[in-house]
Amino acid sequence: MKKSTLTLAIAAAVFASTASAAAQVKVLDKTHQPAGNFLAYTEFELSGEPLAESLGLDLDVLDPNIADDPTPFDFAAGIESYEYSEEAMYALNYQSQMGPHLVNGPVNQARGGKLADLGKRVIEMAGAVGFPASEIPQNMYPISIPYVSGNPEFAQKPDTTTVNGDEVEITTAKGNSKTVQTVVPAYFRDYKTLAWDEASFDKAFNPAATGGILLKEVMWSQDFLGGMHVTATDEEVEAESAVMDQDGKHSLGVSAADGFNGMMLTEMSIDKMLIMQQQLGFDGNKLGVKFGLITIQRKAQFGSRTKWP
């Protein structure tokens, strides 16, 4: 079966089954737990563009303004599933405040530990990928490491004041074409009102929560920094060498915005790995006693002896 035919077959099967019975979902618990939630968001990502492309879809034909084209499955996988995964990562990492600020992490501590030190680094990263520093959202709150859980509800009403807008031609899922007025709300440029309810946070740490978001960061960083773009036009191009961005014409990242996010996520990933290595782990050679599964098993078998077989 050709890939394009397989894509259509899967789409037909999926949407035929969903059309036969309307899904009903009752939310029992809104708690966000990075450990499990971001494994699910990873599946969102993998079932998005990677799956659609593996089934033969040319990703360049996808247009977020033309719904269900070329097929409902292609649109759902290549755009919706993929983007839901990405936005969930930003919500936790940049906006939620569900964790210590990156300014307090070990990477920034090595620079001086002040907000100005982190700010200088962020501007340097933006410059490296050709992203205007003026477009970095205000009051971004990059977390160093996530808490175990929290309620993803806003602590205050988000600022929905319109700061910009545009007219866009769209095609709906029913095939109707029309012009709509889009708006850019204030919270898109200033994250101050997007913080989650701090009272709901379980301010503990565990490797599973850290690993859940770390996996997402690494996967998206690979995506964002896996190519180059023409600095002047933001056009994506294939990377011909590791130093291509030093020719004065190209910058790192498949686009300026993606490149900036890739740099930020990489910075945050390094911070998490250092925390796990230096603060959440332990050096077994410095405990003063032997410790491990074999030790526990032998103690249970032979009792408290100075020497065990």
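In this numbering scheme, every chain counts its residues from 1 along its sequence in written order. Residue-level local features of this predicted model are given only where pLDDT is at least 70; pairs of side-chain atoms are given and counted only at 80 or more, and the full residue set underlies all totals for whole chains, interfaces and linings. Based on all heavy atoms of the structure, the side-chain values leave hydrogens and waters out of the count.

Caption draft 1: Looking closely at the overall build of the protein. When helices and strands are tallied, the protein shows nine helices and five strands. Reading the helices (α) and strands (β) of the protein from amino to carboxyl end gives α-α-α-α-α-α-β-β-α-β-β-β-α-α. Counting only residues that meet the buried cut, the protein has 34% of its 309 residues in that class. Here the protein has roughly 18300 Å² of accessible surface; of this, 54% comes from carbon and sulfur atoms. In this description a helix means any DSSP run of H or I spanning at least four residues, a strand means any run of E spanning at least two, and both kinds are numbered starting from the N terminus. Each residue gets one of three labels from its accessible area relative to the maximum for its type: buried under 20%, exposed over 50%, partly exposed in between, using a 1.4 Å probe on protein chains only. Under the convention used here, a 1.4 Å probe and the Shrake-Rupley method define accessible areas, while residue burial counts only the protein chains that appear.

Caption draft 2: A look at the pattern of salt bridges. Each salt bridge in this description consists of a side-chain nitrogen of Lys or Arg and a carboxyl oxygen of Asp or Glu lying within 4 Å of one another. The final tally for this structure, using the stated rule, is six salt bridges. For Lys-30, the salt bridge identified is with Glu-153, shortest N-O distance 2.7 Å. Taken as a pair, Lys-30 in the loop between helix H1 (3–20) and helix H2 (34–46) and Glu-153 in the loop between helix H6 (115–128) and strand E1 (162–171) lie far apart in primary sequence, 123 residues in all. By relative accessible area, Glu-153 is classed as partly exposed at 36%. The closest approach of N and O atoms between Lys-272 and Glu-217, which form a salt bridge, is 2.7 Å. A residue pair is termed long-range when its members are at least 10 positions apart, and Lys-272 in helix H8 (residues 256–280) and Glu-217 in helix H7 (residues 207–224) qualify at 55 residues. You'll find Lys-272 and Glu-217 in the same group, each marked buried. Salt bridges linked by common partners bring Arg-111, Arg-121 and Glu-267 together as one network.

Caption draft 3: Layout of the packing of H6 against H8. Put simply, H6 and H8 touch, their axes get as near as 8 Å, and they point 140° apart. In terms of their interaxial angle, H6 and H8 are classed as oblique. Helix-helix and strand crossings are classified by hand; for H6 and H8 the assignment is right-handed. Here H6 contributes Arg-121, Val-122, Met-125, Ala-126 and Ala-128 to the contact with H8, which in turn contributes Phe-260, Met-263, Met-264 and Glu-267. For helices, the axis comes from a line fit to the C-alpha atoms of the stretch in contact; other axes are also lines fit to C-alpha atoms, and the angle between any two N-to-C directions lies between 0 and 180 degrees. Should an angle fall under 35 degrees it is taken as roughly parallel, and over 145 as roughly antiparallel, whereas 65 to 115 is taken as roughly perpendicular and any remaining angle as oblique. Handedness of a helix crossing follows the sense of rotation of the near helix relative to the far helix, less than a right angle counterclockwise being left-handed and clockwise being right-handed. A contact between two residues is defined here by any heavy atoms of the two lying within 4.5 Å.

Caption draft 4: Examining the side chain of Thr-210 more closely. Structurally, Thr-210 is set in helix H7. The contacts of Thr-210, once residues within four sequence positions are left out, are Ile-145, Pro-146, Lys-272 and Met-276.

Caption draft 5: Molecular detail of the confidence of the model for the protein. The pLDDT value expresses, per residue, how confident the predictor is, ranging between 0 and 100. Across the protein, pLDDT averages 87, with 85% of residues at or above 70. pLDDT under 50 marks residues 1–17. Its contacts with residues more than four places away, or in other chains, come to 17 contacts. With pLDDT under 50 throughout, residues 304–309 is counted as low confidence; its partners more than four residues away or in other chains account for eight contacts.

Caption draft 6: How the structure looks around the packing of aromatic side chains. Aromatic rings from Phe, Tyr and Trp, with only the six-membered ring used for Trp, were paired whenever their centres fell within 6.5 Å, and each pair was classed as stacked if the ring planes differed by under 30 degrees, edge-to-face if by over 60, and tilted otherwise. Summed over the entire model, instances satisfying the criterion amount to nine aromatic pairs. Both rings, one in Tyr-90 and one in Tyr-94, keep their centres 5.3 Å apart while their planes meet at 15°; by these two values the pair is stacked. With Tyr-90 and Tyr-94 both in helix H4 (residues 72–95), this residue pair falls four residues apart, about one helical turn. By the burial criterion, Tyr-90 is buried, and Tyr-94 matches it.

Caption draft 7: Fine view of the packing of H4 against H7. Contact geometry for H4 and H7: axes closest at 11 Å, N-to-C directions at 120°. With respect to H7, the element H4 is oriented oblique. Note on packing geometry: the crossing formed by H4 with H7 is left-handed. From H4, Tyr-82, Ser-85, Glu-86, Met-89, Tyr-90, Leu-92 and Asn-93 reach across to H7, where they touch Ile-213, Lys-216, Glu-217, Trp-220, Asp-223 and Phe-224. Gly counts as polar in this scheme, as do all residues outside two lists: the nonpolar Ala, Val, Leu, Ile, Met, Phe, Trp, Tyr, Cys and Pro, and the charged Asp, Glu, Lys and Arg. Of the residues in the contact of H4 with H7, the class split is seven nonpolar, two polar and four charged.

Caption draft 8: Seen up close, the nonpolar core. Nonpolar cores were defined as sets of buried Ala, Val, Leu, Ile, Met, Phe, Trp, Tyr and Cys residues, with membership established by side-chain atoms within 4.5 Å. Formed by 34 residues in total, the largest nonpolar core has its most connected members in Tyr-94 and Phe-260. If you list the elements that add at least two residues to this core, you get H4, H6, H7 and H8. Considering each element in turn, this core owes the most residues, seven residues, to H4. Ala-52, Leu-55, Ala-77 and Ile-79 belong to the second-largest nonpolar core, a separate cluster that totals eight residues.

Caption draft 9: Spotlight on the sheet that holds strand E4 (residues 236–237). Each pair of strands is called paired provided DSSP finds at least two bridges between the two strands. Reading across the sheet, the three strands line up as E4-E3-E5 and stay open at both edges, with antiparallel pairing between neighbours. Unpaired on one side and paired on the other, E4 and strand E5 (250–252) mark the two borders of the sheet. As judged from the two bridges shared by strand E3 (residues 228–230) and E4, these two strands associate in the antiparallel manner. Across the sheet, residue His-229 finds its bridge partner in E4, namely Glu-236.

Caption draft 10: Molecular detail of the environment of Ala-199. Relative to the helices and strands, Ala-199 is located in the loop between strand E2 (177–185) and H7. When the C-alpha positions of Ala-199 and Asn-151 are compared, they lie 8.7 Å apart, and in sequence the two are 48 residues distant.

Caption draft 11: Molecular detail of H6. Over its 14 residues, H6 extends 20 Å from the first C-alpha to the last, a length consistent with the 20 Å expected when each residue adds 1.5 Å. Next to the buried residues of H6 lie helix H5 (106–111) and H8. Immediately beyond the C-terminal end of H6, within one or two residues, lies Gly-130, with a positive phi of roughly 75°. Every helix has an expected span of 1.5 Å times one less than the residues it contains.

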